[in-house]
Amino acid sequence: MPKYDFILPSFAKINWSLRILGRREDGYHEIRTLLQTVSLQDELHFATAESSDINLSCDDPKIPLGEDNLIIRAANILRDRFEVTAGASLHLQKNIPAQGGLGGASSNAAVALLGLAYLWRLRPRFEELHELAARLGADVPFFLSGGTALASGTGTDIEPLADRERKYLVIVTPKATVSTAAAYQALKAPALTSSGDVSILSFSHAEVDLELSHLWESHNDFENVIFASEPEIERVKQALLKVGAGSSLLAGSGSSVFGIFESREEQERAVIEMEAESDWRVFPAVTVLRDEYLRALGTCIDILSLK
């Protein structure tokens, strides 16, 4: 393993709420979701390379390392955009469960854009990085600044919001695999699309701009379809409520569920009880506010003037 120049955290996210408004004419779904960065994190290690190759390694053998990996795709589109000839060596220390609905791959891609721009001494504008991030995937632009944000459109239109008070969370990922594509596929319902697959959005654009207080009501439109296909995931939600969570919700469009607890002591007790299930991965976490997120990315953010 090469000696790395610097290491950046790659934080996970949860969705405080996620509403699917309907299918768009381009085939994608129109969504409205409140996103939040949390302390569960991967680490991405960066080093210069003697060749022009992009080399990626990972401590998790299940993670693909080729062109399907969003880190590699991020490196390639950044090089193409700024005509970079240099290479890089990267290592991913993986902690965020894959396909857990926690945005791990999207976070990795955004951090790769930031870290490689710094490594290669580029000076992209925020708008340029946002455009590249949007090409990589729906959640990727959110991870350029983190904190709390409203995502709309296909998920790439990001509006930063004022952070709320810190929350204590327990995130649980059972042994159940749910892909985002499969989750969206399962949403083929008359309430979302007409027989001709033409959008019949349940809200007009003016109505979508209702008070944010409605979006703070915990709700995830994926819960019904995912719980129906993977009952074990619903069992996690009920277990979190049983051990004292004030509320519990599917974290995104994957298999993870989070519960909210009043204090660190209640969180710690819940972790002990949830860990009795040997097939569940259990993570204590707290919400990561935007200032904390930007500080964690440190020099990369300062030099790129992304604050």
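This section reports on the structure supplied with the text. (Residues numbered from 1 in each chain as written. Predicted model: local features only at pLDDT ≥ 70, side-chain atom pairs only at ≥ 80, totals over all residues. Heavy atoms only, no water.)

Focus on helix α3 (residues 126-136)
An α-helical segment advances 3.6 residues per turn. Residues three or four places apart therefore align on the same side. Taken together, the buried positions of α3 are E128, L129, L132, A133 and L136. Buried positions in α3, seen along its axis, are confined to an arc of 135° and lie on one side of it. Buried residues along α3 sit in contact with α1 (70-82) and α2 (104-119). (Buried < 20%, exposed > 50% of the residue type's maximum accessible area, 1.4 Å probe, protein only. Helix = DSSP H or I, 4+ residues; strand = E, 2+ residues; numbered from the N terminus. Arc of directions from axis to C-beta. Contact = heavy atoms within 4.5 Å.)

Side note on the packing of aromatic side chains
This structure, assessed with the given rule, holds five aromatic pairs. Taking the centre distance of 5.5 Å and the plane angle of 45° together, the rings of F11 and Y293 count as tilted. Taken together, the positions of F11 in strand β1 (residues 6-23) and Y293 in helix α10 (residues 290-304) put the pair 282 residues apart, joining distant regions of the chain. An angle of 65° between the planes, with centres 5.1 Å apart, marks the rings of F142 and F143 as edge-to-face. Both residues of the pair, F142 and F143, belong to the buried class. Among the aromatic residues, those joined into a ring-pair cluster are F6, F46 and Y118. (Phe/Tyr/Trp six-rings, centres within 6.5 Å; stacked < 30°, edge-to-face > 60°.)

Things to note about the sheet that holds strand β7 (residues 168-173)
With respect to topology, four strands assemble into an open sheet ordered β9-β10-β7-β11, the strand pairing being antiparallel. Each edge of the sheet is formed by a strand with only one pairing partner; in this case those strands are β9 (247-250) and β11 (281-286). Across the sheet, the mean angle from the axis of one strand to that of its neighbour is 20°, orientation sign disregarded. Summarising the sheet, β9 and strand β10 (residues 257-261) pair through four bridges and their orientation is antiparallel. (Pairing = 2+ DSSP bridges. Axes fitted to C-alpha atoms, helices over the stretch in contact; angles between N-to-C directions.)

Description of unusual backbone geometry
Residues other than glycine seldom take positive phi values, yet E83 does so here, at roughly 55°. Within the secondary structure, E83 is located in the loop between α1 and β4 (88-93). One non-glycine residue, Q99, lies in positive phi territory at about 55°. Relative accessible area serves as the criterion here: at 43%, Q99 is assigned to the partly exposed category.

Thoughts on the nonpolar core
Grouped together as the largest cluster of nonpolar side chains are 48 residues, with contacts concentrated most on L78, L90, L116 and W120. Counting residues in each nonpolar core, the second largest holds 25 residues, with V170, L240, L250 and A270 among its members. (Core = buried A, V, L, I, M, F, W, Y, C linked by side-chain atoms within 4.5 Å.)

A short note on the pattern of salt bridges
Applying the stated criterion across every chain, the model contains 10 salt bridges. Between K94 and D42 there is a salt bridge, with its nearest N and O atoms 2.7 Å apart. Of the two residues, K94 sits in the loop between β4 and α2 while D42 sits in strand β2 (residues 29-48), which places them 52 residues apart along the sequence. A residue is classified by how much of its surface remains accessible, and D42, at 0% relative accessible area, is buried. In this structure, E223 and K237 form a salt bridge, with 3.0 Å as the shortest nitrogen-oxygen distance. A residue pair is termed long-range when its members are at least 10 positions apart, and E223 in helix α7 (residues 223-229) and K237 in helix α8 (residues 231-242) qualify at 14 residues. Like K237, E223 is buried. Bridged by salt links that share partners, the residues R81, E131 and R135 form one connected network. (Salt bridge = Lys/Arg side-chain N within 4 Å of Asp/Glu carboxyl O.)

Section: the environment of G103
If you trace the backbone, G103 turns up in the loop between β4 and α2. Residue classification places G103 among the buried residues on the basis of a relative accessible area of 14%. In this structure, the C-alpha to C-alpha distance between G103 and A138, residues 35 residues apart in sequence, is 9.7 Å. Discounting chain neighbours no more than four positions away, the residues touching G103 are K13 and F143.

Observations concerning the side chain of S248
Take S248: it is sitting in strand β9. Residue S248 is classed as buried on the basis of its relative accessible area, which comes to 7%.

What to know about the packing of α2 against α3
Closest axis-to-axis distance for the α2/α3 pair is 10 Å, and the angle between their directions is 145°. The two elements α2 and α3 cross, and the hand of that crossing is right-handed. Packed against α2, whose contacting residues are A109, L113 and L114, the element α3 presents L129, L132, A133 and L136 at the interface. For the contact of α2 with α3, a count of residues per class yields seven nonpolar, no polar and no charged. (Left-handed = near helix turned anticlockwise from the far one by under 90°. Nonpolar A, V, L, I, M, F, W, Y, C, P; charged D, E, K, R; others polar.)

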